[in-house]
Amino acid sequence: MTAPIVIVGAGLGGVRAAQALRQEGYDGGLVLIGDEPSPSYERPELSKAVLSGAAWTPPRLCSPEEFSALVVTSIHTRARAIDHRTRSVALSDGTALPAIAILLATGARARLPKLPGVQSGNVFSLRTQEDAEALRAQLKPGRALVVMGGGLIGCEVATTASALGLSVTILEAGPELLERALGAQLGHWVRRRLEAKGVVVRLDAKVIEIEGAPAATAVVLRDETRVVTDLVVISVGAEPVTDIAAAAGATCNAGIVVAASGRTSIEGIFAIGDAAAWPLRGGGRRSLESFLNTQAQARVAARSMLGLAAAEPQIPTSWTEIAGQTIQVMGDLRGEGELVFRCGSYTASFLAFRLHAGAIAAAAAIDAPRDFAVARRLVEAAASVDPAALADTSAALRGFLRPAAASAEQS
Amino acid sequence: MAFVTVCQVSDVAPGEGRRIDVGPEPVALFNVDGEFHAIEDTCPHGDWSLADGYLDDGIVECSLHMAKFCVRTGRICALPAPRAVKVFPVQVQGSNVLIDLDDGRLR
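Residues numbered from 1 in each chain as written. Chains lettered and ligands numbered in written order. Predicted model: local features only at pLDDT ≥ 70, side-chain atom pairs only at ≥ 80, totals over all residues. Heavy atoms only, no water.

### Re the interface of chain B and chain A
Listed as interface residues are 18 residues of chain B and, on the opposing side, 20 residues of chain A. Across the interface of chain B and chain A, roughly 1,700 Å² is buried in total on both sides, 48% from carbon and sulfur atoms. Of all residues in chain B, Y54(B), M66(B) and L79(B) bury the most surface against chain A, accounting for 35% of the area lost on that side. Inspection of the chain B/chain A interface yields 4 salt bridges. A salt bridge links R377(A) to E61(B); its shortest N-O distance comes to 3.1 Å. On inspection of chain B and its partner chain A, the count reaches 9 residue pairs in polar contact (both at pLDDT 80 or more). When grouped by side-chain class, the residues that make up the side of chain B that touches chain A number 9 nonpolar, 6 polar and 3 charged. (Contact = heavy atoms within 4.5 Å. Buried area = accessible area lost by both parts, 1.4 Å probe. Salt bridge = Lys/Arg side-chain N within 4 Å of Asp/Glu carboxyl O. Polar contact = N/O pair within 3.5 Å; in protein donor to acceptor, adjacent residues only side chain to side chain. Nonpolar A, V, L, I, M, F, W, Y, C, P; charged D, E, K, R; others polar.)

Set out below in structure tokens:
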């Protein structure tokens, strides 16, 4: 009997890869190893509807019927190691599982700074359903919450907690919120929105200690300020889970290093999602921590594992909901070139583009999903545009996608 | 079978969609190069109006999380769609577009 394809990690990447393998016609054995107790679910809602209690559990990645139609052998355990010579996965119970190909979709874990007090009670991080449930139980109106780290998850948690009636303070070590995700200018705009909702934001706030035992009571900054609090959420980034890949000898560098096909440095072993440092279309490679990119990578890696041609450098694409705004981004808004705003700058709903060398390199939409659908295509096409024309809302955005169609519309 | 007039042909330009809110559930009406098709409007993934989506070649992409559906058959064309969407019968009579808003079905 031929050995199965073994997928390590039953989150978004693992499940989407299983779906893609079946869709591509693979009818051999398929093993999905996951260490979380609940059925595979979508993580983005953990910081939003699940945390607020609007949804008791996160949305499932696929229905029970669809999951059973995938004919997957689900193993609820942790993969302990990979033996690349025998191409097998060692499980925590000592079993060795031979594979024709191994896909690592092991995700990322919350980064925990090395500070006194990070292990105290009432200090949380947010990656899993279990994390969200534990934090949700403590989000009571009137309590004080300190969010360490003003990135996407930190700002989402602040939004949810502030709407639930907590007093929220975000401590960001850098000069602006969301700089990595949105760039400083949009980060500034989002900070104003959060502040208008009553969230206190401290920038350049370097935490040196979480005080209080057994439970946290204050966060101490380098300038000796003490921020008194009931709860602390640590959201200072994620670390790709590379342990078993690295131990097997796969090249890792802030993620399991892969080609645009999902291949690692070891024949027969592939990696996707937050665990993988995947090549970017604009050059370089990194873990993208993005739902949409992980889905795309799962499709690509599934094809690669079946020996079909596949290579897809990624353009980072994500969405978030902060301070009541739906924000969608494609590409990196930081970087060279100029930012062009459409719909006037800093109105409630607008688009921001980064233009570099006359072409659209990145786009963000604030409460403008319909326009974002077009903006994304402009980024994908690296469309050449005139900045003044792009800012002019009297011309349809679609026109930049299909210049011929646009001139026909205007006549 | 109860077809009702929901709008005029000229209300929905080719390549565009329109949300129809008069029936028991919202319906998304699309004009695919002069041909009209209707599907359930609420994306089963993210609770978002598909009429607000991006229509290309008879396939609508939800503008929130990019699930895609065929507007003719309701079938899934891209994840994260968790299921197909219902299709509603459409008729064009003169300048009127009619939909049987009670007869949405999974194909």
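### What about the pairing of strand β5 (residues 88-91) of chain A?
Residues and elements named next belong to chain A. The side-chain alternation of β5 yields two buried faces, one formed by S88 and A90 and the other by V89 and L91. Direction of pairing for strand β4 (residues 79-83) relative to β5: antiparallel, over a ladder of 4 bridges. In the strand pairing of β5, A79 is matched with L91. Where β4 hands over to β5, the hairpin turn is made up of 4 residues, of which R87 adopts a positive phi near 45°. Where β5 meets strand β6 (residues 96-98), 3 bridges bridge the pair, whose relative direction is antiparallel. By the bridge assignment for β6, S88 is matched with P98. (Buried < 20%, exposed > 50% of the residue type's maximum accessible area, 1.4 Å probe, protein only. Helix = DSSP H or I, 4+ residues; strand = E, 2+ residues; numbered from the N terminus. Pairing = 2+ DSSP bridges.)

### Quick word on the nonpolar core
All names here are of chain A. Core analysis: the biggest nonpolar cluster contains 76 residues, and I7, V8, I33, V89, L104, F353 and L390 have the highest contact counts within it. When residues of this core are assigned to their parent elements, the largest contribution, 7 residues, is made by helix α8 (residues 291-305). Counting 40 residues, the second-largest nonpolar core is a separate cluster that includes L177, V190, V233 and A364. (Core = buried A, V, L, I, M, F, W, Y, C linked by side-chain atoms within 4.5 Å.)

### Quick word on helix α6 (residues 179-196) of chain A
Residue and element names in this part refer to chain A. Taking 1.5 Å of rise per residue, the 18 residues of α6 would be expected to cover 26 Å, yet its terminal C-alpha atoms sit only 19 Å apart, more than 12% below that figure. Residue Q185 marks the point of greatest curvature in α6, where the axis turns by about 85°. Two residues or fewer after α6 comes G198, characterised by a positive phi angle close to 95°. (Expected span 1.5 Å × (residues − 1). Bend = angle between axes of the 7 residues up to and from the residue.)

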